[in-house]
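# Structural overview for review
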Amino acid sequence: MKKLFGFNLLLAVFFLSWVCAGAGDSGSVGVSATSAHPEITEQEKLLPCFECHKEATPEIYNEWFDSLHGIGMVKCYQCHGTYENMKIEPEASDCMVCHVDQIKKCPQDKKCWSCHTAHTFKRNAK
């Protein structure tokens with residue numbers, strides 16, 4: 001239990017560092033986040049991301065859980081990669097795996113997040 005608390009504390013520190021560093025800005029597209037993520041054991045790498053992020057970053061977990069991706073059980077690694085190749089912000093090519101038709105209709109010079117809110121994928125208010 002004490003080990004789990006320590007791990008969750010590290011995740012919270014990671015998340016706050018990520019937010020303070022301006023993650024989600026245009027400079028973070030495609031940037032590997034592995035170096036910024038707290039070290040986890042090989043056993044922990046086998047767990048679904050939400051096992052820790054449910055407590056460490058509940059706002060992000062809830063956005064995903066209540067979204068069509070959450071309802072459809074699209075897992076974190078399908079957009080953000082695995083721990084070894086994790087991206088904070090996926091590239092459009094990552095989205096094309098499932099959304100090729102939608103991406104073909106979108107402006108090619110904008111990121112998906114320019115028009116859609118991350119995780120909820122609702123169109124941003126204009």
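Residues numbered from 1 in each chain as written. Predicted model: local features only at pLDDT ≥ 70, side-chain atom pairs only at ≥ 80, totals over all residues. Heavy atoms only, no water.

### Some remarks on the overall build of the chain
- Each helix and strand in the chain was counted, giving 7 helices and 0 strands.
- Listed by position from the N terminus, the elements making up the chain come as α-α-α-α-α-α-α.
- Taking the intrachain contacts of the chain between residues at least 6 apart in sequence as the baseline, contacts between residues at least 24 apart amount to 64%.
- Of the accessible surface of the chain, which amounts to about 8900 Å², a share of 62% is contributed by carbon and sulfur atoms. (Helix = DSSP H or I, 4+ residues; strand = E, 2+ residues; numbered from the N terminus. Contact = heavy atoms within 4.5 Å. Areas by Shrake-Rupley, 256 points an atom, 1.4 Å probe, with all protein chains shown as cover.)

### What to know about the packing of aromatic side chains
- Going through the model one piece at a time under the given rule, you end up with 5 aromatic pairs.
- Ring geometry for Phe50 and Tyr61: centres 6.3 Å apart, planes at 40°, overall tilted. On the criterion of sequence distance, the pair formed by Phe50 in helix H3 (residues 50–56) and Tyr61 in helix H4 (residues 58–65) is long-range, its members being 11 residues apart.
- Among the aromatic residues, ring-to-ring pairing joins Phe50, Tyr61, Trp64 and Phe65 into one connected group. (Phe/Tyr/Trp six-rings, centres within 6.5 Å; stacked < 30°, edge-to-face > 60°.)

### Digging into unusual backbone geometry
- Positioned with a positive phi, Met73 is a non-glycine residue whose angle comes to about 60°.
- Looking at the element boundaries, Met73 is found in the loop between helix H5 (68–71) and helix H6 (76–80).
- Residue classification places Met73 among the partly exposed residues on the basis of a relative accessible area of 47%. (Buried < 20%, exposed > 50% of the residue type's maximum accessible area, 1.4 Å probe, protein only.)

### What to know about the pattern of salt bridges
- Summed over all chains, the structure comprises 5 salt bridges.
- With a shortest N-O distance of 3.0 Å, Asp94 and Lys87 are connected by a salt bridge.
- Across the pair Lys111 and Glu89 runs a salt bridge whose closest N-O atoms are separated by 3.5 Å. With Lys111 in the segment after helix H7 (92–105) and Glu89 in the loop between H6 and H7, the pair connects residues that are 22 residues apart, well separated along the chain.
- Via salt bridges that share partners, Glu42, Lys45 and Glu84 belong to a single interconnected network. (Salt bridge = Lys/Arg side-chain N within 4 Å of Asp/Glu carboxyl O.)

### Overview of the side chain of Glu89
- The buried category is assigned to Glu89, whose relative accessible area is 6%.
- A polar atom in the side chain of Glu89 sits 3.5 Å from the side chain of Lys111.
- Within polar-contact distance, the side chain of Glu89 engages the side chain of Trp113 at 2.8 Å. (Polar contact = N/O pair within 3.5 Å; in protein donor to acceptor, adjacent residues only side chain to side chain.)

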